[in-house]
Amino acid sequence: MGKPLADITNIVSKCAELIKTYGKDRSFWVRLRKNISSENTTVVVAYSEALDTLTQHCRDLITREISCNVSHVVENVDRIWDDITLAKEDVWLDRLVYAEGTGRDDTKVCLEGTRTAILTEIVDWICAAENDAHRVLWLHGQAGKGKSAIAHTVAKWLKDHDRLGSFFCFALSRIADRRHEKIFTTIARDLADHNSHFRHAVADIIGHDNALAHTTDVTQQWKKLIFGPISQLEEHMNGPLVIVIDALDESGDETSRMHILDILASAQVASLPANT
């Protein structure tokens, strides 16, 4: 904006100088009324056209600056709105009951170079691209055979490759924590941290039904907080995304385990998108 204004000032000064020069001659105004010389006419026209051009240039610059400023205001408003939305979602998500101490532990992974065959088999299953691939891999065996070490090792591999949706570990020493009542609310919170689309969906669900954040009914937790959102967000779930559950046999009583097992063996789980 500075240069066009400077140019206009320069031309106006030249016009003033022209008038001042010719004004010293008493016959100037008579000649001006009757007939201006061809040379002076050319100068005046040139100044007039230059002023018109520069004035239009200024108008264009002002229009662009106004448009730019309006654009910046809109961007700032959008940014503020996004911040408000995230803050509101945090409020809803923070209401989810979360089981502390259930995450993975890198100190429990397999020793380097051990259990390679089973680990390779699990990684191959994770990376399987077929739509008919099983959605659940069940690792079973006698107590003390290293199942938990394998689970933590797989979880570490998944984390390193940004493919760990959630890790949930039960423990006999923490039965009093009633982790079995918090399994899917905890997993839902972890998935929300991993995927922004899932985050929006779960926050909206809790916003409309706050009781879901505290329910101990694992069937409701699963259907409303896990299965429902994932089913609707298949195209936004960049997989494979894996949930690891360790030591299920160390959860609550037999009845509570059966509820969880019924869910894991259900047709809903089998119908999950291939990328989860």
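Scroll up a little and you will see the structure.
Definitions and limits used
- Residues numbered from 1 in each chain as written.
- Predicted model: local features only at pLDDT ≥ 70, side-chain atom pairs only at ≥ 80, totals over all residues.
- Heavy atoms only, no water.
- Helix = DSSP H or I, 4+ residues; strand = E, 2+ residues; numbered from the N terminus.
- Buried < 20%, exposed > 50% of the residue type's maximum accessible area, 1.4 Å probe, protein only.
- Expected span 1.5 Å × (residues − 1).
- Contact = heavy atoms within 4.5 Å.
- Polar contact = N/O pair within 3.5 Å; in protein donor to acceptor, adjacent residues only side chain to side chain.
- Phe/Tyr/Trp six-rings, centres within 6.5 Å; stacked < 30°, edge-to-face > 60°.
- Axes fitted to C-alpha atoms, helices over the stretch in contact; angles between N-to-C directions.
- Parallel < 35°, antiparallel > 145°, perpendicular 65-115°, else oblique.
- Left-handed = near helix turned anticlockwise from the far one by under 90°.
- Nonpolar A, V, L, I, M, F, W, Y, C, P; charged D, E, K, R; others polar.

Trainee: I'd like a rundown of the environment of T116, residues and numbers included.
Mentor: As for its position among the elements, T116 is in helix α4 (residues 116-127). Judged by relative accessible area, which is 46%, T116 ranks as partly exposed. Here the alpha-carbon distance between T116 and I150, two residues 34 residues apart in the chain, equals 9.7 Å.

Trainee: Explain helix α8 (residues 218-232) to me, using residue names and the numbers behind them.
Mentor: Helix length check: α8, at 15 residues, gives a terminal C-alpha distance of 20 Å against a target of 21 Å (1.5 Å per residue), a fit within 8%. Residues of α8 that are buried: V218, Q221, W222, L225, I226, F227, G228, P229 and I230. Turning to α8, the residues buried within the fold contact α6 (183-194), α7 (196-208), α9 (254-264) and α10 (267-270). N-capping of α8 is provided by D217, with a side-chain oxygen placed 2.9 Å from the backbone N of T219.

Trainee: Describe the packing of aromatic side chains, naming the residues involved and giving the relevant values.
Mentor: Applying the stated criterion across every chain yields a total of three aromatic pairs. Site record: aromatic cluster; members linked through ring pairs are F184, W222 and F227.

Trainee: So what's going on with the packing of α7 against α8? Which residues, and what values?
Mentor: In a packed pair of helices, the relevant descriptors are the angle between the two axes and the axis-to-axis distance. One way to put it is that α7 packs onto α8 with a least axis distance of 10 Å and a crossing angle of 135 degrees. By the angle class used here, α7 and α8 are oblique. In the crossing of α7 with α8, the sense of the turn from one axis to the other is right-handed. Seen from α7, the contacting residues are F198, A201, V202, I205 and I206; seen from α8, they are K224, L225, I226, P229 and I230. Partitioned by chemical class, the residues of the contact of α7 with α8 number nine nonpolar, no polar and one charged.

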